[in-house]
Amino acid sequence: MKLVFGLLGGLALFIFGMRTMSAGLSAAMGDGMRTLLGKATRNRLAGLGLGTVIGGLIQSSASIVLFIGFINAGLMTFMQSIAPTLGANIGTTLSVQLISFKLSEYCLPAIFVGLMLHMVSKNRKFKYGGQAVLGFGLLFLGMVIMGDSIKPHREVFEPWLAHINGSTTTGLITGTVAAALITGVIQSSGAVIGMGFAMISAGAITEFEGIYPIIIGANVGTCVTGLLGSIGTTVDARRAALLHLVFNLVSTSLAIAAAPLFYKYAPLTSGDLIRQAANADTIKMTISALLLLPFVPLLGRLVEKLLPSRTEQPEPTFLNDRLLDRPEQAIYACLRELQRTTRICAHSLHLAAEEFIKHDHKRMQRIVVNEQSVNVIKVAMRSYLTQLTGHYLSKRQSILIEHIDRCMSDLERVGDHIANLNSIAKRQRGIAAARFGSEAVENWLSVHRAVAKLLDKVVESLDPETANFQEIAKEVIQLREEYNEASIAARNAHFQRMEEKGVTPIAGLIFNDYFSNFQRIAKHIKNIALAEQQPQFWLKREKLSKVMSNEAPGYSLPENIKPNDYLDKLQSDDYR
């Protein structure tokens, strides 16, 4: 039992440490990684390079989930994701390189330093950098625990390891499949390879042929994370997950075919067996990625044939960096992006009504994925508008992009509340006493219909080809009044049923949760309409092709304030 608990506990600590380290590195970079990714997809080599960086920071499986989110949100096409996907697979071997160094004696100091930085530091980069260092220390501590647990029981593993030894073809294939299956279950190739390294440290594996099948099999198993993450997404997003699997199957097949070469030359790269394994992993992935990079279009078409679709693909993003030196065109694109995002919300709201009536797992997952897409678009919009402020803007343009930013925030909240409707429906299904009668269902649908009309009208109002945003915005405000009437009528009917004891108390609470979210959706829609009614909310057609400098002259920065003056003001009786 001591062996089992030591091995499982060490593995759990290793996985937790790796995820903590990846999360810290990702948070320290902030939204910059998303911005860079959008730019790097224009060029295969740049995409490969950035994919390598991202894979090194957050692992290939997490990178694929990130790419899937981008594709599903329309911020990246499937073809654009191929080069970064190849790079992410190279990048994940860099983290394996990191754990191959004998740094276990520094694990406890790393844990202490990382925790202190994370708890004490106010600087974002140091705070999350500390989290990464903490994860680094936990990762190595997990390896130490696994190695110490295995060492006294090496003979227990010898018969099992003999079956997966790569010195024979049968052993090579068996070991590869076994490693792939284990990795698929725990969804971490680094953890499976780390376990192999712990066995080397404990003396259970003593030759390169023993660790080689574990390395190449783990690369295939890690594809499960992306496949699971693509459930409920668009077909192009699912193709990205399938591409990851296809690449690793090709890479692993090449590695099996080239096994004699690796057995002969990998030991020459280092005198240490763990370092030999890490080097072989990096060499295998790099060669595979470079061999396939020139054939990206063919690879894309192959995956499209494996996963065909007759359905129309979602609209791609309208945010194009090439428009930034034409601010009016860039603003035009932002309005199109707002309209596209509103369509996603409107689609989710329709799905939420279907989910309320009858549960379907794929539909429920689609609502969740749409909400995540809106969140991603919001980040991309803020980044785009921030870049736009670096160019010369007129007073109208400066105010208009503030309105656009505020509208995007409102749409993001609309997406959140629609996702809440989905969550409430899930909670309601689990409580028999919370079931609604036909009258309550009709009331629910009447309010949903009023909110759906509001969203549809917002889609129409955000069309940049509209001659007068203000007029359509007035129609949105009028529809808001219709919503209020429907909501009041539904609530009165609900209270009447409560008085007649036709509704259980728990059903009443659920009903109130639904209507609170409908109310908030309507409120955010009204905020958008109010923004559209502002005098600066219009486009100057003659400026659409006008190129402006990437400087923003004419602004004078205010002098630094004296904080103590304002702190004293906050404490004064007049302020309270």
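Because the structure is a prediction, the values reported are computed rather than measured.

## Looking at the overall build of the chain
Reasoning step 1: Along the chain, the regular secondary structure elements total 23 helices and zero strands.
Reasoning step 2: Overall, the chain is about 75 × 65 × 65 Å in size when its C-alpha atoms are taken along their principal axes.
Reasoning step 3: Buried positions account for 52% of the 576 residues belonging to the chain.
Reasoning step 4: Seen as two clouds, the 58 positive and the 48 negative side-chain charges of the chain have centres 3 Å apart.

## Thoughts on helix 18 (residues 361–388)
Residues that lie three or four places apart on an α-helix share one face, since the helix turns once every 3.6 residues.
Reasoning step 1: The end-to-end C-alpha separation of helix 18 is 41 Å, in line with the 40 Å expected for 28 residues at 1.5 Å each.
Reasoning step 2: If you check the start of helix 18, you find a side-chain oxygen 3.2 Å away from the backbone N of K362, and it comes from D360.

## A look at the pattern of salt bridges
Reasoning step 1: In the structure shown here, the tally under the stated rule is 15 salt bridges.
Reasoning step 2: For R396, the salt bridge goes to E328, with nearest N and O atoms at 2.8 Å. Of this pair, R396 sits in helix 19 (residues 395–429) while E328 sits in helix 17 (residues 327–357); the two residues are 68 residues apart in sequence, bridging distant segments of the chain. Across the pair, E328 and R396 agree in class, each one buried.
Reasoning step 3: The partner of D416 in a salt bridge is R413, with the nearest N and O atoms 2.6 Å apart. Taken together, the positions of D416 and R413, both in helix 19 and three residues apart, correspond to about one turn of that helix.
Reasoning step 4: Via salt bridges that share partners, E354, E355, R363 and R429 belong to a single interconnected network.

## A short note on a nonpolar patch on the surface
Reasoning step 1: On the surface, F112, V113, L115, M116, M119 and V120 cluster together into a nonpolar patch covering about 560 Å² of accessible area.
Reasoning step 2: Structurally, V120 can be placed in helix 6 (residues 107–120).
Reasoning step 3: Here V120 falls in the exposed class, since its relative accessible area comes to 56%.

## Section: the packing of helix 5 (residues 78–100) against helix 13 (residues 235–257)
Reasoning step 1: At a minimum axis separation of 10 Å, helix 5 and helix 13 run at an interaxial angle of 35°. For the pair helix 5 and helix 13, the sense of crossing is right-handed. On helix 13, the residues touching F78, S81, I82, T85, L86 and N89 of helix 5 are D236, R239, A240, L243, H244, F247 and N248.
Reasoning step 2: Class assignment for the residues of the contact of helix 5 with helix 13 results in six nonpolar, five polar and two charged.

## Comments concerning the packing of aromatic side chains
Reasoning step 1: Applying the stated criterion to the full structure yields 14 aromatic pairs.
Reasoning step 2: Relative to F140, the ring of F136 lies with its centre 4.9 Å away and its plane at 65°, an arrangement referred to as edge-to-face. With F136 and F140 both in helix 7 (residues 124–150) and four residues apart, this pair spans about one turn of that helix.
Reasoning step 3: The exposure class assigned to F136 is buried, which follows from its relative accessible area of 17%.
Reasoning step 4: Classification of F140 by relative accessible area gives buried; the value is 3%.
Reasoning step 5: Measuring from ring centre to ring centre gives 4.3 Å for F511 and F515, while their planes differ by 20°; the resulting arrangement is stacked. Of the two residues, F511 and F515 both sit in helix 22 (residues 505–532), four residues apart, roughly one turn of that helix.
Reasoning step 6: In this structure F511 comes out as buried when scored by relative accessible area, which is 1%.
Reasoning step 7: Ring pairs connect the aromatic residues F356, F436, W444, F511, Y514, F515 and F518, which therefore count as one cluster.
Reasoning step 8: One Lys or Arg, R396, reaches over the ring of W538 and ends 4.7 Å from the middle of that ring.
Reasoning step 9: Geometry around F511 places R497 over its ring, the cationic atom sitting 6.0 Å from the centre.

## Topic: the packing of helix 9 (residues 169–186) against helix 11 (residues 208–221)
Reasoning step 1: The geometry of helix 9 relative to helix 11 is characterised by a closest axis approach of 7 Å and an angle of 45° between their N-to-C directions. Considered as vectors, helix 9 and helix 11 are oriented oblique to each other. In the crossing of helix 9 with helix 11, the sense of the turn from one axis to the other is right-handed. Note on element contacts: helix 11 touches helix 9 through Y212, P213, I214, I216, G217, A218, V220 and G221, opposite G171, L172, G175, T176, A179, A180, T183 and G184.
Reasoning step 2: Among the residues making up the contact of helix 9 with helix 11, the classes are represented as nine nonpolar, seven polar and no charged.

## As for the state of the cysteines
Reasoning step 1: Scanning the entire structure with this criterion turns up zero disulfides.
Reasoning step 2: Here C345 is not disulfide-linked; the sulfur of C407 is the nearest cysteine sulfur, at 12 Å.
Reasoning step 3: Take C345: its relative accessible area is 1%, and that puts it in the buried class.
Reasoning step 4: Here C407 is not cross-linked by a disulfide; its sulfur's nearest cysteine counterpart is in C334, at 11 Å.

## Some words on the side chain of E355
Reasoning step 1: Here E355 shows up in helix 17.
Reasoning step 2: Polar contacts involving the side chain of E355 include one to the side chain of H359, which spans 2.5 Å.
Reasoning step 3: Excluding residues within four positions of it along the chain, E355 makes contact with D360, R363, M364, I367, N422, A425 and R429.

## With respect to helix 9
Reasoning step 1: With 18 residues, helix 9 should reach 26 Å at 1.5 Å per residue; the first-to-last C-alpha distance of 26 Å fits that figure.
Reasoning step 2: For helix 9, the full list of buried residues reads G171, L172, G175, T176, A179, A180, T183 and G184.
Reasoning step 3: Positioned one or two residues after helix 9, Q187 has a phi angle of 55°, which is positive.

## Points about the nonpolar core
Reasoning step 1: If you look at the biggest cluster of nonpolar residues, it comprises 106 residues, and the most contacted ones within it are L338, I404, I418, F436 and Y514.
Reasoning step 2: With 15 residues, helix 17 is the single largest residue contributor to this core.
Reasoning step 3: The residues contacting I418, other than those within four sequence positions of it, are C345, S348, L349, A352, I367, L455 and I521.

## Looking at the side chain of R480
Reasoning step 1: Turning to its location among the elements, R480 is positioned in helix 21 (residues 469–499).
Reasoning step 2: No salt bridge is formed by the buried R480; the nearest opposite charge belongs to E481, separated by 5.9 Å.
Reasoning step 3: Apart from residues lying up to four places away in sequence, R480 is in contact with L454, Q519, A522, K523 and K526.

Conventions we followed
What you see as residue numbers is a count from 1 along each chain, following the sequence as written. Note on the predicted model: pLDDT of at least 70 is required for a residue's local features to be given, and 80 or more for side-chain atom pairs to be given and counted; whole-chain, interface and lining totals, by contrast, use all residues. Side-chain measures here rest on the full set of heavy atoms in the structure, leaving out hydrogens and waters. Each helix is a run of H or I in the DSSP string that is no shorter than four residues. Each strand is a run of E no shorter than two, and both are numbered from the N terminus. Working definition: with a 1.4 Å probe on protein chains only, accessible area under 20% of the residue-type maximum means buried, over 50% means exposed, and in between means partly exposed. Here the positive residues are Lys and Arg and the negative ones are Asp and Glu; neither His nor the chain ends is included. By convention, charge coordinates are those of NZ in Lys, CZ in Arg, CG in Asp, or CD in Glu. In this analysis, the expected span of each helix is defined as 1.5 Å times one less than the number of residues it contains. Pairs of N or O atoms are called polar contacts if they sit within 3.5 Å, as long as, within protein, a hydrogen donor faces a hydrogen acceptor (for residues adjacent in sequence, only side-chain-to-side-chain pairs). Put simply, a salt bridge is a Lys or Arg side-chain nitrogen that is within 4 Å of an Asp or Glu carboxyl oxygen. Residues enter a patch when their relative accessible area is above 30% and they make no salt bridge; the linking distance is 9 Å between like charges and 5 Å between nonpolar side chains (Val, Leu, Ile, Met, Phe, Trp, Tyr). Working definition of accessibility: Shrake-Rupley area with a 1.4 Å probe, residue cover restricted to the visible protein chains. To obtain each axis, a line is fitted to C-alpha atoms, and for helices this fit is confined to the stretch in contact; angles are then taken between N-to-C directions over 0 to 180 degrees. Crossing handedness is read from the near helix: turned anticlockwise from the far helix by less than a right angle, it gives a left-handed crossing, and turned clockwise, a right-handed one. Throughout, a contact is declared for two residues whenever any of their heavy atoms are within 4.5 Å. In this classification, Asp, Glu, Lys and Arg are treated as charged, Ala, Val, Leu, Ile, Met, Phe, Trp, Tyr, Cys and Pro as nonpolar, and every other residue, Gly included, as polar. Pairs were defined over the aromatic rings of Phe, Tyr and Trp, the Trp ring being its six-membered one, requiring ring centres within 6.5 Å. Orientation was assigned from the angle between planes: stacked under 30 degrees, edge-to-face over 60, tilted for the rest. Our definition puts a charge over a ring when NZ of Lys or CZ of Arg is within 6 Å of the ring centre and also within 35 degrees of the ring normal. Roughly parallel refers to an angle under 35 degrees, roughly antiparallel to one over 145, roughly perpendicular to one between 65 and 115, and oblique to any angle outside these ranges. Only a pair of cysteine sulfur atoms within 2.5 Å counts as a disulfide in this structure description. For the purposes of this section, nonpolar cores are sets of buried Ala, Val, Leu, Ile, Met, Phe, Trp, Tyr and Cys residues that join through side-chain atoms within 4.5 Å.

In short, geometric facts, not functional conclusions.
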